[in-house]
Amino acid sequence: MRIGVHSGSVIAGVIGEAKLQYDIWGTDVTIANHLESTGSPGFVHVSASTLNELEPSEYTIIPGTDAALEDPVLSKHNISTFLISTEPSPHSTKRTTQRFESLSHMDIPARPDLYRTKDHVINEELRHEFRKMPVSSFKQIFSWRRRNQSIDLLSTAVTKFCLVYRDSNLECKYLHSPDLMFKYSMLLSWSIGCSLAYIQLMSLGEGVLLEAILLDVVVLTFLTVLLVISWYKKFCWLRYGNNENNRQRFGKLSCWIFRTSEKIQASLSLRICIYLFIMCAYNSVICIIMMGCDHEEFEVMYIDSKLYHYDDINICFNPWVITNVVALIIGMSFTFTSIPFVLKIVVCLLMTISYLIVIFFHLQFIFHHSWTTNPFFAPEYAHCMLIIITFVTLYLKERHAEFTNKVNFNWRMDLRRKQRDAHSTNYSIIILLNNILPAHVVNVYLTSLAKHELYYEEYKIVSVMFATLKNFELSLRSLRLLNEIITEFDRLLHHYKDNYTVEKIKIVGCTYMAACGLDVNFAGRISKDLENRVTYRDSLMEEVEQAQIVRRASSKIAEENTEVLHEEVVFVMTTFALDLMRTLWMLNKVYETVSYDKSVISPDMSIGISSGEVMAGIVGASHPHYDIWGHPVNMASRMDSTGMIGHIQVTKETAILLGEFGIMCNFRGQTYVKGTGNIPTYFVAIDDDYEFIATGDKRTPKRSNRERDVSMSDNESIYNPFWHDDDDEIDDN
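Residues numbered from 1 in each chain as written. Predicted model: local features only at pLDDT ≥ 70, side-chain atom pairs only at ≥ 80, totals over all residues. Heavy atoms only, no water.

Draft legend 1. Structural view of the side chain of Asp71. Its location among the elements puts Asp71 in the loop between helix H3 (66-70) and helix H4 (72-76). Here His34 takes part through its side chain, which lies 3.1 Å from a polar atom of the side chain of Asp71. Looking at Asp71, its side chain comes within polar contact range of the main-chain nitrogen of Val73, at 3.1 Å. Discounting chain neighbours no more than four positions away, the residues touching Asp71 are His34 and Thr38. (Helix = DSSP H or I, 4+ residues; strand = E, 2+ residues; numbered from the N terminus. Polar contact = N/O pair within 3.5 Å; in protein donor to acceptor, adjacent residues only side chain to side chain. Contact = heavy atoms within 4.5 Å.)

Draft legend 2. Representation of empty space enclosed by the protein in the model. Applying the stated rule across the entire model yields three cavities of 30 Å³ or more. Space inside the second largest cavity adds up to approximately 40 Å³. Lining the second largest cavity, in full, are Gly193, Leu196, Ala197, Asp216, Val219, Leu220, Tyr282 and Val285. Mapped by element, the contributors of at least two residues to the lining of the second largest cavity are helix H10 (182-204), helix H11 (210-240) and helix H14 (268-291). Residues that form the lining of the second largest cavity fall into these classes: six nonpolar, one polar and one charged. (1 Å grid on protein atoms, 1.4 Å probe; cavity = no way out; pocket = protein on both sides within 12 Å on 5 of 7 lines; lining within 4 Å. Points joined across faces, edges and corners; volume = space filled by probe spheres on them. Nonpolar A, V, L, I, M, F, W, Y, C, P; charged D, E, K, R; others polar.)

Draft legend 3. Geometry of a positive patch on the surface. Together, Lys173, Arg412, Arg416 and Arg420 make up a positively charged patch on the protein surface. With three residues, the single largest contributor to the positive patch is helix H19 (residues 379-434). Position of Arg412 among the secondary structure elements: in helix H19. (Patch = residues over 30% accessible without salt bridge, like charges linked within 9 Å, V, L, I, M, F, W, Y side chains within 5 Å. Areas by Shrake-Rupley, 256 points an atom, 1.4 Å probe, with all protein chains shown as cover. Salt bridge = Lys/Arg side-chain N within 4 Å of Asp/Glu carboxyl O. Lys, Arg positive; Asp, Glu negative; His and termini not counted. Charge placed at Lys NZ, Arg CZ, Asp CG, Glu CD.)

Draft legend 4. Spatial organisation of a nonpolar patch on the surface. A surface patch of nonpolar side chains, amounting to about 710 Å² of accessible area, comprises Tyr198, Leu201, Met202, Leu210, Ile213, Leu214 and Val217. For the nonpolar patch, the secondary structure elements donating two or more residues are H10 and H11. For the nonpolar patch, the element with the highest residue contribution is H11, accounting for four residues. For Val217, the location among the structural elements is in helix H11.

Draft legend 5. Representation of the UniProt feature "domain: Guanylate cyclase" (unreviewed entry) in the chain within the structure. The residues that UniProt annotates with the feature "domain: Guanylate cyclase" (unreviewed entry) are residues 1-36 and 463-640. End C-alpha atoms of residues 1-36 are separated by 10 Å, and the span's content is 28% helix alongside 25% strand. (UniProt positions renumbered as here; feature names shortened; annotations may be inferred.)

Written out as structure tokens, the structure is:
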């Protein structure tokens, strides 16, 4: 391994719009790169600034290589280089030797888990959030403590007496939540209404009034209609089942009843109106019973019975029956679900006060001469005590139920908020991963690569491109300009990525690396998820055999189509390279009208393209990056580094394929390539308008809907260089 290390100042950040990656730039980065390229295998090539931070006695240090002395970049910056041997110095301490041995013989299976070490803080936060969730635990004492802590937190968020959220928005959401128990409230209301009507008729006897009969008819009719509406949907689902086929048998009336029931359950105002009407109807029935009694006549009859000693007195109504009915109405008022607790308190308090006024003032004589619960206790006080005890008891009971409901509602809101946050986080992660990895690799990475499993793809032919901005000094002021250039390149890439599977691989300094042909549908081999292969191996054997039969039947056609499409990747990659040159030319035209330092940007760019068999995949346990390896990658890099400004240099194999598509390639000559020697190279023929110079014969691409774009801020299409079956004129925008 050849390693170069240099210490200095850098600029770090993210540039471009596609395949986001955190990178560093600067002169010191370039120096470190040249230290690596001029280094020697088996040594660490360091600069003097790095060596000054080390203990020389702990290492074996020898002078740098001859290539470093001749390197123009290192010579320009007066960099003195040294080689550090991987063997420890004999003068080093025992502690240093043990450190080197531990690093050299690291136990791979015993390596630390990155997700447990780096994400320790995140895991602690997750545990803290889990402890606050309303779930049971084996340690009941701690679970009750956590529950009490949650209740204490909620107690500060609501008022003491009325249990109203101090946050008005939260209270509004709570009140406007659907009432799924409405049908049960209506069933109870209808039962009490029938009981009150019966008590009224029995109490009035033969002296029943017409107004009482009409009131009973109206109240019972209204309650019956609401009861049918609230229970009709439940009855239909119990009778016919809740599925799509049975829903079609319901008519317009049934659908109207369904919608009405759902509207009442969802509308707070309608529920309040129904609640107030029922309470008013109940109290009207009680009022008619008490109004049917002439208390003055009752007083005279009672006095006569005492004077003439007869006990057969026709009392107007039984006071204890009325008192029990009022207590029942108070209970019904508190029990009605999904009604604001404040409104329930107000209604029940008014009923209690009104009935106490009737007991002690309006009909005091009747209640005073009724039976009592204690011989030494006045009857009116017994009636009063029953009503007050009923009110207080039901208030406390309903307050407990309301508090429990608000605790649950508060937990549900927290859960929904956390679910939304989790969904937003997952969505952001998917977006970021799609901006870092190819789309077909994202799902694989989330399911398999998170377990440190190897993922790779093998392609028969892929076209690789390196495009480098020449004479571009990477400084802080020029980095913004570099970002604008790369951003325009990425915008152009979006068109090619969606239609022609051109993938941006990475940015290295001022070099833009891309590849065409990385289509997973045409991959020769793809690594499989080991766990899925073991789990589903038996169940998929039959499907695999069937797929093999189909594959053999269509193998010839597939091979022909695949070969044609594989050859087209060279044509697409070269076209994309030409569009990059045109985009840079357009940027220069725009910058000519802007006042800036002309030395910041150079319009010069060299491009190298090579094609062949490559491997693609993701390696490593952290900082995932989709990369490609193979001889074409090295050759494309050499074509770029040995190329000329303003030209696209290609290998002989690539030039032959381009010639089949009618693109002329000029022979440059024998070019020395590091690691290979002298090889024939070609320049793609381009005229002054950045158009391909075509030859006489050409092959039409299969995908005839391609367009060449120049990526500017408005993504304006310049012209169409792709050839169609007919020789149409090229449109210039």
